[in-house]
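Examination of the molecular architecture
Now for the letters of each chain:
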Amino acid sequence: MLRNCLLKYVPGSVLMLGLLVLAAALGTRYGLLENGVLPHECGATYGESIWSACGFKWALVQSFLQQRMGWTSLALGVMAFVFSCRRAAWGGWLIGLAGLVLYSYDYAAVGALLSLLVLARGVEQHRQGEDKAGDQPADRLEVGRLA
């Protein structure tokens, strides 16, 4: 049976930061939104501070209304995949993970996977550069050539 070695293809920092964002998104969804910690009745005034509970709830709801998190993750994922931009890949990966939990899963899933491909591809390309140029697979087997 083959052993799945996830850390061989995906760096540990990608997994650890992903787990932190996933835990924060799960805590926000189930600890704040669905648990009723945030106020239900907020005024419709725009003068409220973003640091108040109603302002935080408004900003949070606006982030996943009309799949905004998912669209952002998809745009960053496509940009990262097309241009091999690791910064866009980080953004697409982390926003995509949050979008998967916070009601924007349609487009966030595709954006997160495209971003993860770029983040994993960077490690594999780096490892290929470690080999000496001109090495052939048969060189390591110490097989003599037929004369």
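Everything discussed here concerns the structure shown above.
These notes cover the structure that comes with them. (Residues numbered from 1 in each chain as written. Predicted model: local features only at pLDDT ≥ 70, side-chain atom pairs only at ≥ 80, totals over all residues. Heavy atoms only, no water.)

**Points about the overall build of the protein chain**
Operational definition: Only runs of H or I of at least four residues qualify as helices and only runs of E of at least two qualify as strands under DSSP, and these elements are numbered from the N terminus. Summary of the burial criterion: residues with accessible area below 20% of their type's maximum are buried, those above 50% are exposed, and those between are partly exposed, where the area comes from a 1.4 Å probe applied to protein chains only. Contacts are assigned to residue pairs with any non-hydrogen atoms lying within 4.5 Å of each other. For the area figures, the Shrake-Rupley method with a 1.4 Å probe applies, and any residue is considered shielded solely by the protein chains shown.
For the protein chain, the helix and strand inventory stands at seven helices and zero strands. The helix and strand sequence of the protein chain, counted from the amino end, reads α-α-α-α-α-α-α. Burial statistics for the protein chain: of 147 residues in total, 28% are counted as buried. The long-range share in the protein chain, meaning contacts at least 24 apart out of those at least 6 apart in sequence, stands at 66%. By element, 64% of the accessible surface of the protein chain is carried by carbon and sulfur atoms, the whole surface being about 10300 Å².

**Observations regarding the packing of aromatic side chains**
Note on aromatic pairs: each is described by the distance of the centres and the angle between the planes. Quick note on the threshold: Geometry of aromatic contacts follows a simple scheme: Phe, Tyr and Trp rings, the Trp one being its six-membered ring, pair when their centres are within 6.5 Å, and the pair is stacked under 30 degrees between planes, edge-to-face over 60, tilted otherwise.
All told, the structure shown has two aromatic pairs when counted by the stated rule. Ring centres of Phe-64 and Tyr-103 lie 4.9 Å apart, and the angle between their planes is 55°; on these two criteria the pair is classed as tilted. Of this pair, Phe-64 sits in helix 3 (residues 53-64) while Tyr-103 sits in the loop between helix 5 (86-101) and helix 6 (105-128), placing them 39 residues apart in sequence. A relative accessible area of 13% means that Phe-64 is categorised as buried.

**Topic: a nonpolar patch on the surface**
For clarity, the cut-off: Put simply, a patch holds well-exposed residues, over 30% relative accessible area, that have no salt bridge, with like charges counted together within 9 Å and Val, Leu, Ile, Met, Phe, Trp or Tyr side chains within 5 Å. Only one rule defines a salt bridge in this text: a Lys or Arg side-chain nitrogen within 4 Å of an Asp or Glu carboxyl oxygen.
A cluster of nonpolar side chains, contributed by Val-78, Met-79, Phe-81, Val-82, Phe-83 and Leu-117, occupies part of the molecular surface with about 580 Å² of accessible area. Examining the composition of the nonpolar patch, we find that five residues originate from one element, helix 4 (residues 68-83), more than from any other. Checked against the element boundaries, Leu-117 lands in helix 6.

**Describing the packing of helix 4 against helix 5**
Each pair of packed helices can be described by the angle between their axes along with the distance between the axes. Rules: Here the axes come from fitting lines to C-alpha atoms, over the contacting stretch only for helices, and the angles between their N-to-C directions go from 0 to 180 degrees. Roughly parallel means an angle under 35 degrees; roughly antiparallel means over 145; roughly perpendicular covers 65 to 115; every other angle is labelled oblique. Left-handed describes a crossing in which the near helix is turned anticlockwise from the far one by less than a right angle; the clockwise case is right-handed. Three categories are distinguished: nonpolar for Ala, Val, Leu, Ile, Met, Phe, Trp, Tyr, Cys and Pro, charged for Asp, Glu, Lys and Arg, and polar for the others, with Gly belonging to the last.
Here helix 4 crosses helix 5 at 150°, and the two axes come no closer than 8 Å. Relative to helix 5, the element helix 4 lies roughly antiparallel. Here helix 4 and helix 5 pass one another in a crossing that is left-handed. Contacts between helix 4 and helix 5 pair Met-69, Thr-72, Ser-73, Leu-76, Met-79 and Ala-80 from the former with Ala-88, Ala-89, Gly-91, Gly-92, Ile-95, Gly-96, Ala-98 and Gly-99 from the latter. Looking at the contact of helix 4 with helix 5 residue by residue, the classes come out as eight nonpolar, six polar and no charged.

Such coordinate-based values are descriptive only and should not be taken to indicate function.
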